[in-house]
Each structure stands twice: as C-alpha cells, then as structure tokens.
Amino acid sequence: MSAEVESIAWAGNAPWHGMGKNVQHDRSPREMQIAAGLDWHVEKVPLQYEHEQRIRDADQFALVRSTDGTMLDIIKSDNWEPVQNDAAFEFFDRFVTLNRMTMDVAGSLRDGKIVFVLAKMNQNFVIGSTNEDRTDGYLLFTNPHRYGQAVDIRLTPIRVVCMNTLSLALSTASKAAVKFSHRRTFDVEAAQSVFKESLWTFSNYGEMARFLAVKRYSNQALQHYFDECFPYVPNMHTRRPVTGQSSANAKRALEVVESQPGAAYATGTWWNAVNAVTYLTDHKVGNSAETRLHSAWYGKGERRKRQALELAIKYAEAA
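Now for a quick tour of the structure. Since this is a predicted model, take the numbers as computed values, not measurements.

## Thoughts on the sheet that holds strand 3 (residues 42–51)
Taken in spatial order, the three strands make up an open sheet running 3-4-5, and their pairing is antiparallel. Each having just a single partner strand, strand 3 and strand 5 (71–75) make up the two edges of the open sheet. The mean inter-strand angle of the sheet, taken between neighbouring strand axes irrespective of direction, is 40°. Here strand 4 (residues 54–65) runs beside strand 5; their pairing, made up of four bridges, is antiparallel. Residue pairing in the sheet places Ala-62 in a bridge with Ile-74 of strand 5.

Take a look at the structure:
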C-alpha cells in the first residue's frame, strides 16, 4: 500500500475502497486496533541542532512513533500532549458499547498521521416506497497525530446501494462534532453527548434526502450545479475557476447522474444530482483508491461533498 493508506482492517461487507484485510465481525475494539496495525504509541522527542560545534536545544519536539521511529510531526509547544491510540480506542470501546454500535473499519492513513475508526449506528433511513434505497448511519472517529489538530467524531452516513459517503461534520449542525483539545485530559464524559446530537443530525439529513428525492431538476440548473461542484480551472497555478465552461469532472457528472448505482430510485431528482457528486468523489476522481479515501474524509473531496449537499438544497428550494 502507498503512504496514503498505511493499514486497514474491516469487518462484515468489504468497504468501497476494497483495501485492507477482513476480520471477524465480533472483534472487540481492542482486537480491531491490533488487527488494523494500530497497536503503537507516539513520543515527544526533543529536537536539537548543531551550531559552531555545539549541540543546542531547539525548544521544539518531534512527534515520533515508538515502533519504527517515524516522525509524524513537529511539536511547537511543550504544553501540547498527543492522544495515544490506546486511550482513543479505550474511549471508543465505551462509546460503542454504550450506544450499541458495531466497529466496521479501522486504519491508519499517511504513515500514521491519521488514525481512524468507522462505527455503524443502529440507525438508517430509506427513500421511496420500496425500501431499497437505504442510508446507514456511521460515526467516523479520528485521532490525528498532528500538532494543533484534535480528536473528533463526526457523523458519516453511507448510502448502501453505491457506498457513497457524506461527512456531516458539520457545516450545518456543529454540535454533532465533539472535538477534544490536546491541551487537556481526554474527556470521555463530554463525548457522550455526540450520540444524541448525531441522532438528531442523521434524522435531519434523512429529511433533506427525502426532500431532494421529490424535487426535480431542469437540465440547465443541473449543468450549473455540476459546474459549481466541479469548477473549471484552466490555470493550475492560480486555481481560479472560470464560469461558463465545464470541467471534465462536471461533464462526467452529467454522464453518470442517471446511470450511477441507485439512479433508478430517484430519477430526475436532486437526490440523484448530489449522489452523482459523492459517487464520483468516492469512487472515480483522483489517481487511486488510497488518495480518494483520504480526500473523501479529510480533504478536498470531503469539502466538495458538503458543498454539493448545501447547493442541492438551494437548487431544490428554487425548483
């Protein structure tokens, strides 16, 4: 695997990216941590430099993985403390048990800089009368081994028919993301409220989806929508989008909007439009599954999908 995806373990059905190894579904969070290759610690190591044949302290620290010496980041404050994987998984063990969830995927991205767990909630909603277009609720738990970044939990619904993901973390309901500062003790009790907030946000997202599934787009509005989601940028140095022209990915979205997995459930609606964006982002855009996974959850793809939902609501309200 490339450095983008260092290790992954998954239980149950294979995730859309197809990477990692399958493990038994009844594994405990601790067993999942070990299976995913996350049974390691990080250390703060003082940085030094040589000047005029003298070794001097740099007043900074390297965040180093103890097992292999990989440097994950540079720490610029003595007060900052990392959250160890053991502590993160201990918290998640309690969270999963209390809320009757199941841990489906765990892994490490970018050489250990991002450790994540994806856990399934006992919540779903369906679109239409056939109950075939189902979206399941998941929580994405992230422990970033990066200076200045905090542990967080975010709601990440997955549409089953196409395995599209959408992070709701959270432009419209920020209460559903609980963030822990590295500058204080890892606060388990404060995190318990995230489940109730996530239930509310997931229910709200279901209402958005049902609304989008009954609002039909016009061809002109759909073209403008995809041009906003995938702007045409002729100059990669300035990265300034140009209006009036369609990018290659905007054209691809038009091609797949009524042929993507699950398109038959909401033909001609804004639900199909927003899922065309998430489908391309999760499955097609980018050089590889490894880069898509990181982008879809933590990078440009994650931001694009949130924007796509917000834009689709605006276009549907105007329809």
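## Re the packing of helix 4 (residues 193–212) against helix 7 (residues 270–283)
Remark: helix 4 packs on helix 7, axes separated minimally by 6 Å, with the N-to-C direction vectors making an angle of 115°. Contact residues: helix 4 offers Tyr-205, Ala-209 and Leu-212, while helix 7 offers Trp-270, Trp-271 and Val-274. By residue class, the composition of the contact of helix 4 with helix 7 is six nonpolar, no polar and no charged.

## A closer look at the packing of helix 8 (residues 289–298) against helix 9 (residues 300–318)
The interhelical angle for the contact between helix 8 and helix 9, taken along N-to-C directions, is 50°, at an axis separation of 4 Å. Our classification of the angle between helix 8 and helix 9 gives oblique. Crossing geometry of helix 8 relative to helix 9 is assigned as right-handed. On the side of helix 8, the interface is formed by Ser-295, Ala-296, Trp-297 and Tyr-298, while helix 9 contributes Lys-300, Gly-301, Glu-302, Arg-303 and Lys-305. Its residues placed into classes, the contact of helix 8 with helix 9 shows three nonpolar, two polar and four charged.

About the thresholds
- Residues numbered from 1 in each chain as written.
- Predicted model: local features only at pLDDT ≥ 70, side-chain atom pairs only at ≥ 80, totals over all residues.
- Heavy atoms only, no water.
- Pairing = 2+ DSSP bridges.
- Helix = DSSP H or I, 4+ residues; strand = E, 2+ residues; numbered from the N terminus.
- Axes fitted to C-alpha atoms, helices over the stretch in contact; angles between N-to-C directions.
- Contact = heavy atoms within 4.5 Å.
- Nonpolar A, V, L, I, M, F, W, Y, C, P; charged D, E, K, R; others polar.
- Parallel < 35°, antiparallel > 145°, perpendicular 65-115°, else oblique.
- Left-handed = near helix turned anticlockwise from the far one by under 90°.

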